[in-house]
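So the chains spell out like this:
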4 protein chains.
Amino acid sequence: MKTRVHRFATAAPDDVSPLRRALDEGGINAEKVIAILGKTEGNGCVNDFTRALSTLALTRLFSEVLGLSDEAVAERIALVMSGGTEGGLSPHILVFEVMDEPALSTSPGLAAGVAFTPSFLPEQIGRRAQIDATAQAVREAMARAGIERDEDVHFVQIKCPLLTSARCDEAARRGAAVATTDTYESMAYSRGASALGVALALGEIEPAQLRDAAVCHEFGLYSGRASTSAGIELMRNEILVLGNAPGWDAEFRIGHDVMADALDADAVTRALARVPGDGAGELVALLAKAEPSRNGLIRGHRHIMWDDSDINATRHARALVGGVLAGRTGHTALFVSGGAEHQGPDGGGPLAVITHALIS
Amino acid sequence: MKTRVHRFATAAPDDVSPLRRALDEGGINAEKVIAILGKTEGNGCVNDFTRALSTLALTRLFSEVLGLSDEAVAERIALVMSGGTEGGLSPHILVFEVMDEPALSTSPGLAAGVAFTPSFLPEQIGRRAQIDATAQAVREAMARAGIERDEDVHFVQIKCPLLTSARCDEAARRGAAVATTDTYESMAYSRGASALGVALALGEIEPAQLRDAAVCHEFGLYSGRASTSAGIELMRNEILVLGNAPGWDAEFRIGHDVMADALDADAVTRALARVPGDGAGELVALLAKAEPSRNGLIRGHRHIMWDDSDINATRHARALVGGVLAGRTGHTALFVSGGAEHQGPDGGGPLAVITHALIS
Amino acid sequence: MKTRVHRFATAAPDDVSPLRRALDEGGINAEKVIAILGKTEGNGCVNDFTRALSTLALTRLFSEVLGLSDEAVAERIALVMSGGTEGGLSPHILVFEVMDEPALSTSPGLAAGVAFTPSFLPEQIGRRAQIDATAQAVREAMARAGIERDEDVHFVQIKCPLLTSARCDEAARRGAAVATTDTYESMAYSRGASALGVALALGEIEPAQLRDAAVCHEFGLYSGRASTSAGIELMRNEILVLGNAPGWDAEFRIGHDVMADALDADAVTRALARVPGDGAGELVALLAKAEPSRNGLIRGHRHIMWDDSDINATRHARALVGGVLAGRTGHTALFVSGGAEHQGPDGGGPLAVITHALIS
Amino acid sequence: MKTRVHRFATAAPDDVSPLRRALDEGGINAEKVIAILGKTEGNGCVNDFTRALSTLALTRLFSEVLGLSDEAVAERIALVMSGGTEGGLSPHILVFEVMDEPALSTSPGLAAGVAFTPSFLPEQIGRRAQIDATAQAVREAMARAGIERDEDVHFVQIKCPLLTSARCDEAARRGAAVATTDTYESMAYSRGASALGVALALGEIEPAQLRDAAVCHEFGLYSGRASTSAGIELMRNEILVLGNAPGWDAEFRIGHDVMADALDADAVTRALARVPGDGAGELVALLAKAEPSRNGLIRGHRHIMWDDSDINATRHARALVGGVLAGRTGHTALFVSGGAEHQGPDGGGPLAVITHALIS
């Protein structure tokens, strides 16, 4: 097996032209694409319609190229659009191709697998049901990626739902109580529960520790490898598991670590050090989480992110962490997503690097 | 002579308590304070009233402590409030004390001097009149700082005015045409003209190159040492010149360099290398400029800062550069101000570091 | 007794010049001023510093004119600054003077009284303690206004605190649990508890109905005469009770009604009809509450106010109701404040008009 | 001939379900649809992608139903999405069907015609070329609508382009100078030039008065019947001309007037009075323009719309005028679009009402 990762700049959320060109020219085989992660230029919060626009444009492209309906495309490709490219972050997409070809190397290479949960009812968002369904889907995706050992999973990227006023009302009409009626807050609950599902699947926490009440409250419980991103445009979790496994060609490889706080740029170095093999290669993708520390401090200095009513906290956090990581790596096409509830420690978050070996 | 720089965190724009405590306890001599630079937590754009609130609170404090009227305080202390602490930037003030005491060292130390231009008419903002008045005031401030050689000036921090609808209307009634009627854009014109005034004073450009039309158009003309910040709360330029000069004690020293672009964190290292002496010391203050590159790219990757109608471009830029520099220095109490027109090259800007030698 | 109400446009939050002129010229007696309500041009949410700037400027003015300390001024004058002048709303202040002079008329006239609660601990905000303290202060203010009958109270304007990250942390360190750690949401809790305090004092609800859990949940409980506005710049409630009472001169009078929803402009007509006497007079002040309906609908049509992550819901609501009422009255200097939790029915709110009789 | 206008609420920018239902059930004949106007819930400024999302969803719907390519759909249906539903405005679409059937009445009825200009080069936006091309297209659309007399045109709705950083750069590379490099400002230039094109076509101004320099400067030149709305998603003008003409069935009719300022709700009454016939009927659609008055005043009171760096001026204006008109009409599904440059007098704008006669 072999996973190839292709990064394309986008000129707008519905700009699929570089990807179309690659498909037309045979650089990418549409039938082998299992997931596309995208950073789109909306506000990354509740009313961010760039995610839906990007998803629609990509769906239509693959629908056309594969000769399938939109629904069929949605079932074969996980489209994980994360909104918010604040500060210097550059909008782009990462296309994951998985090919069935013999590995040319013996060292482990990038393994990728996708799975979806069933659709959630509004009242399941941010609760145990979402945690368990996510854990189940993570194990399915690991199986599809041929990853047998939990420790070989390096990064789990999840797209999860959020609650709108309409969805809350619908639940209320059925007599069901949602985790929160605040739509912006629902994103935190959904991200958090999804991350706890990853932690559960990978053995990072004990099942007994998990209860509804833990979500967005017991921040001592977290996954060091989950990256969850909420959006209005879906009602299920879409999960992409990435790791290194034997039997997968090592042209592309992944490493990860955890940012201890928003300024921990050394996490890039530590993550690169954990890429198997000799470490030679160019950085194809960097995925990280960003959130404001809950105590309002960064290394003892006050930050204003929680108290700004004009710019939401996750937007500030993406801009900050984007700057920290761009300053270290020298480039801005970084997949930084906001809201790291139960993803790494408070104020920090998991970080993964995918490298492309010049000689595989 | 000796300049001392004191940095205080602020809990709110009108929080003067740590400074009050230092004045009460004798840690700072109110009569020797010549300037206070502050990063306040407003939007840093037109309707940022945190700058006025901070200025008022500081004015009242010194009025009370010195037994002077507000107007008298305003004439002795340059209050340079720069709004905008986006991302992880931490609100703080930098208090500059200048004491008449013999230098304990022979190596040059931090020299500081303040000067004000006369008040401008609205139609002078962003034009040759503001350039020339600024150059004049820079030379006055250099003289007060005892800095004889242009090259010993390391950083010139300027607070300049902006145009409001009301000020534009007032000029129109007199038949005078302002540089622009767009209030946000007027900040750029004012910052730019002020920076060109610094470049003129320091011999960084030739007088013949300066015309009204150059302001905010000929970006090849710039100062590598100006940092200008606009606000609604004044109609004159207030100028603080900082450098190293013989006869000034070397307990505090300054170095500077220029960020080539928004990601150029190495500018910190280069600036520290240019601090005279053996370089030992703690970083007391870091002052930098931030702006989005005009061509919409950062090292070849698209940024969205100019096209975001929800968050102004200078806000994005401060968050980005704040992250880049905080990631390098490990702390967030950085004086990053937005809008670097004619301050360093497009997308970059001047950067200064003030160090405190543990052994002077 | 006689209450006079003076309205002044403000050119900025710290513009006190028209008021200063009136004080200098004797048009207003500084010693008789008991309250100033202001609409300032900040975002009206957590990080709105225009309220503090306005309060500071007004405090200094009266401190100077009365020869008193700032603290003494704060104890004699309730300064109720409400942020947010979205849409067409025009920044202004309303100055309330209460003079001891015989009423020239027998019909009831505008009666005004002020009272303050003690400062609250963070954990009291949004809870029964705040409700009860408010009710107590309302009764004190009624007594000072000489209003004996509950039904003669037409409008109770309250300024109340909010919770910042710092205040929440402080309580947490003492082991106390706050009503919410979300600073924006704390404004709702504080406004709501304050409004319930008014309802309790005026007999609009039964004490048995009031529990901590009711605040911001049981919206069937509300006052038809409370208008509460939260800010960061105080930790107590400041209360102004307005009504009509015998013994007060009828040159100024008040009437009120309740907007059934955001479009109910007829509430102005109904309120004017409830002004005692023959109704002749000019409209000096109009005070109203604005909030987005919780069910996301206005007369059956969806609104987006709760789902907009770029502009907070109360900002949208003020702009909307400001437009509805400005379209009806023909002018924009309206005291529209946001967040009507427990103030009128969901999506609507109390509305009061103060008229100035041309012949008293 | 007969024009029918159908209004549908939308639950999201890509919600086409009510329209799909009407097409499936035969309530609307897809082949007769000539235009769809939509109010979508983005920021209505530069980075508003809800317009593109809505356009894409509608294009796909008609592509599927008509069995045509997207490009073919785009040529037969004018899709005019206007972003921004601030305050209480409710997202909705207005679908215009034109059927070839004999008029059942002799009085004039709603006539509708669509035309497109060719695509513009960036340097043509906001200039004479755009004015002339628009005038030409307005005359073509009038011809298609069978409207012979200029005075029978009641409303011309136009969708026009804007300039992005990328489009400005592209022109610069060809040595062409754009009207402005500020993307938000380019919307004003584009709207203004388009409105002047309407004025030219309808004889509201003289050709000699039109020069590049007049656009967004000589505001005394304006159309009383143009409504122009800019977006990123197209590079040509799409024009819908609406009027009353003989030979068109009078089941639907239109009237118009001009709001003299933002508070002029009486314009609704005046417009209804100008609907031909006996006036009986329900209000199906109301279309209006909103902008902040340039002098910063509304009936003598200051507004803050031009000086708010957190919320763009057109957003404030839509919220305000939306409130004024919703307060008058009692409903919020109003087509209020922002930016009324050369559309009606400063601070006001054209307003049209479309009525549905209960008895034709």
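Cut-off values and rules
Note that residues are indexed from 1 along each chain, following the sequence as it is written. Whichever chain is written first becomes A and whichever ligand is written first becomes 1, with later ones labelled in order. Given that the model is predicted, a residue must reach a pLDDT of at least 70 before its local features are reported, and side-chain atom pairs must reach 80 or more before they are shown or counted; all residues, however, enter totals for whole chains, interfaces and linings. Side-chain metrics in this entry use all non-hydrogen atoms of the structure; hydrogen atoms and water are not considered. UniProt positions are given in the numbering used here, feature names are shortened, and annotations may be inferred rather than shown by experiment. Any carboxyl oxygen of Asp or Glu that lies within 4 Å of a side-chain nitrogen of Lys or Arg is treated as forming a salt bridge with it. Think of it this way: any DSSP run of H or I at least four residues long counts as a helix, any run of E at least two long counts as a strand, and we number them from the N terminus. The cut-offs for exposure are 20% and 50% of the maximum accessible area for each residue type, with area from a 1.4 Å probe on protein chains only; residues under the lower value are buried, those over the upper are exposed, and the others partly exposed. By definition, residues are in contact when any of their heavy atoms lie within 4.5 Å. Whether two aromatic rings pair depends on their centres lying within 6.5 Å, for rings of Phe, Tyr and Trp, where Trp uses its six-membered ring; planes under 30 degrees apart make the pair stacked, over 60 edge-to-face, and the rest tilted. The rule for a charge over a ring is simple: NZ of Lys or CZ of Arg within 6 Å of the ring centre, and within 35 degrees of the ring normal. For this overlay, a least-squares fit was computed on C-alpha atoms, restricted to residues scoring pLDDT of at least 70 in both copies. In short, buried area is how much 1.4 Å probe accessible area vanishes from two parts on joining, totalled over both. Counted as a polar contact is a pair of N or O atoms within 3.5 Å, where, for protein atoms, one must be capable of donating a hydrogen and the other of accepting one, and residues adjacent in sequence contribute only when both atoms are in side chains. Only Asp, Glu, Lys and Arg are considered charged, only Ala, Val, Leu, Ile, Met, Phe, Trp, Tyr, Cys and Pro nonpolar, and every remaining residue, Gly among them, polar. Note: pLDDT gives the predictor's confidence per residue, expressed from 0 to 100. Expected span of a helix: the number of residues minus one, times 1.5 Å.

Under an unreviewed UniProt entry, chain A has the name Cyanuric acid amidohydrolase and belongs to Alloalcanivorax xenomutans. The UniProt entry for chain A carries this comment under Pathway (unreviewed entry): "Xenobiotic degradation; atrazine degradation; biuret from cyanurate: step 1/1." The heading Catalytic activity (unreviewed entry) in the UniProt record of chain A holds the text "cyanurate + H2O = 1-carboxybiuret + H(+)".

Enquirer: For the pattern of salt bridges, give the residues involved together with the corresponding values.
Expert: Taken as a whole and assessed by the stated rule, the structure comprises 112 salt bridges over all chains. D:E86 is the salt-bridge partner of D:R318, the closest N and O atoms lying 2.8 Å from each other. A residue pair is termed long-range when its members are at least 10 positions apart, and D:R318 in helix 8 (residues 313-329) and D:E86 in the loop between strand 3 (78-83) and strand 4 (92-99) qualify at 232 residues. Classification of D:R318 as buried rests on a relative accessible area of 1%. Each of A:E86, A:R315, A:R318, B:D308 and C:D310 takes part in one network of salt bridges that share partners.

Enquirer: Help me get a handle on the UniProt feature "site: Important for substrate specificity" (unreviewed entry) in chain A, residues and values and all.
Expert: Under the local residue numbering, the UniProt record ascribes the feature "site: Important for substrate specificity" (unreviewed entry) to A:T314. When residues no more than four places from it in sequence are discounted, the contact partners of A:T314 are A:C45, A:Y184, A:R191, A:G338 and A:G339.

Enquirer: Talk me through the packing of aromatic side chains; I want residue IDs and the actual numbers.
Expert: For the structure shown, the criterion picks out zero aromatic pairs over all chains. Seen from the ring of D:F335, D:K39 lies directly overhead, with NZ or CZ sitting 5.8 Å from the centre.

Enquirer: So what's going on with the relation of the copies chain A and chain B? Residues and values would help.
Expert: Each copy of the chain is related to the other by a rotation around an axis and a translation along that axis. Taken as rigid bodies, chain A and chain B are interconverted by a rotation of 180° and an axial shift of 0.0 Å, the fit giving an RMSD of 0.0 Å. Here the copies are linked by what is in effect a two-fold axis. The overlap is high: 100% of the interface residues of chain A also sit at the interface in chain B, so the same surface is used on both sides.

Enquirer: Which residues make up the interface of chain A and chain B, and what values do they have?
Expert: Where interface size is quoted, it is often the accessible area lost as the parts come together. Tallying the contact residues gives 35 residues for chain A and 35 residues for chain B. Between chain A and chain B the total buried area reaches about 2600 Å² when both faces are included, carbon and sulfur atoms providing 55% of it. Where chain A touches chain B, the interface holds four salt bridges. The interface formed by chain A and chain B includes ten residue pairs in polar contact (both at pLDDT 80 or more). Counting only elements with at least two residues in the side of chain A that touches chain B, the list comes to strand 12 (301-302) and helix 8 (313-329) of chain A. If you tally residues by element for the side of chain A that touches chain B, the top one is helix 8 of chain A, at eight residues.

Enquirer: A description of the interface of chain D and chain B should follow, citing residues and the corresponding values.
Expert: Across the boundary between the two partners, chain D contributes 17 residues, which contact 15 residues of chain B. Of the roughly 1300 Å² buried at the junction of chain D and chain B (both faces included), carbon and sulfur atoms supply 27%. By the criterion of area lost to chain B, the three top residues of chain D are D:D307, D:S309 and D:D310, representing 40% of everything that side buries. Our enumeration of links across chain D and chain B arrives at two salt bridges. In this structure, D:R315 engages B:D310 in a salt bridge whose closest nitrogen and oxygen atoms are separated by 3.6 Å. At the junction of chain D with chain B, the criterion picks out 13 residue pairs in polar contact (both at pLDDT 80 or more). Split by residue class, the side of chain D that touches chain B holds four nonpolar, eight polar and five charged.

Enquirer: Go over the relation of the copies chain D and chain B with me, naming the residues and quoting the values.
Expert: The two copies are related by a screw operation: chain D maps onto chain B through 180° of rotation and 0.1 Å of translation along the axis, at an RMSD of 0.0 Å. With an isologous cut-off of 70% or more, the 88% of interface residues of chain D that recur at the interface of chain B puts this contact in the isologous class.

Enquirer: Please provide a residue-by-residue account of the confidence of the model for chain A, values included.
Expert: With 99% of its residues at a pLDDT of 70 or more, chain A shows a mean pLDDT of 94. For this predicted complex, the interface confidence score (ipTM) comes to 0.94, while the overall pTM stands at 0.95.

Enquirer: Can you explain helix 4 (residues 128-144) of chain C? Please cite residues and give values.
Expert: Residues and elements named next belong to chain C. For helix 4, spanning 17 residues, the distance from its first C-alpha to its last is 24 Å, which sits close to the expected 24 Å at 1.5 Å a residue. Those residues of helix 4 that fall on the buried side of the exposure criterion are Q130, I131, A133, T134, A135, A137, V138, A141 and M142. Elements in contact with the buried residues of helix 4: strand 5 (109-116), strand 6 (153-160), helix 6 (183-201) and strand 8 (238-245). Among the residues trailing helix 4, G146 stands out with phi positive, at a value near 65°.

Enquirer: Lay out the UniProt feature "binding site: Mg(2+)" (unreviewed entry) in chain A in plain terms, naming residues and giving numbers.
Expert: Residue and element names in this part refer to chain A. Feature annotation in UniProt places "binding site: Mg(2+)" (unreviewed entry) on E291, A340, Q343, G344, P345 and G348, given in this structure's numbering. These annotated residues cover 58 residues of sequence, and their C-alpha atoms all fall within 10.2 Å of one another, placing them together at a single site. Position of E291 relative to the elements: it lies in the loop between strand 10 (282-290) and strand 11 (297-298). The class of E291 is buried, set by a relative accessible area of 5%. Here E291 is in contact with A317, G339, A340, E341, P345, D346, G347 and G348, once residues within four sequence places are set aside. Along the chain, Q343 falls in the loop between strand 13 (335-338) and strand 14 (349-356). Dropping the residues within four chain positions of it, Q343 is found in contact with R191, A195, Y222, S223, A226, S227, T228, K289, G348, G349 and P350. Among the polar contacts made by the side chain of Q343, one reaches the main-chain amide nitrogen of T228 at a distance of 2.8 Å.

Enquirer: Could you give me a rundown of the environment of B:F49, with the residues and numbers involved?
Expert: Residues and elements named next belong to chain B. As for its position among the elements, F49 is in the loop between strand 2 (33-40) and helix 2 (50-66). Residue classification places F49 among the buried positions, given a relative accessible area of 7%. Distance from F49 to Q157, taken between C-alpha atoms, is 20 Å for residues 108 residues apart in sequence.

Enquirer: A description of unusual backbone geometry should follow, citing residues and the corresponding values.
Expert: At A:R299, a position not held by glycine, the phi torsion is positive, near 50°. When you line up the elements, A:R299 lands in the loop between strand 11 and strand 12. Its identity as a non-glycine residue notwithstanding, B:H342 has a phi of 60°, on the positive side. Among the structural elements, B:H342 can be located in the loop between strand 13 (335-338) and strand 14 (349-356).

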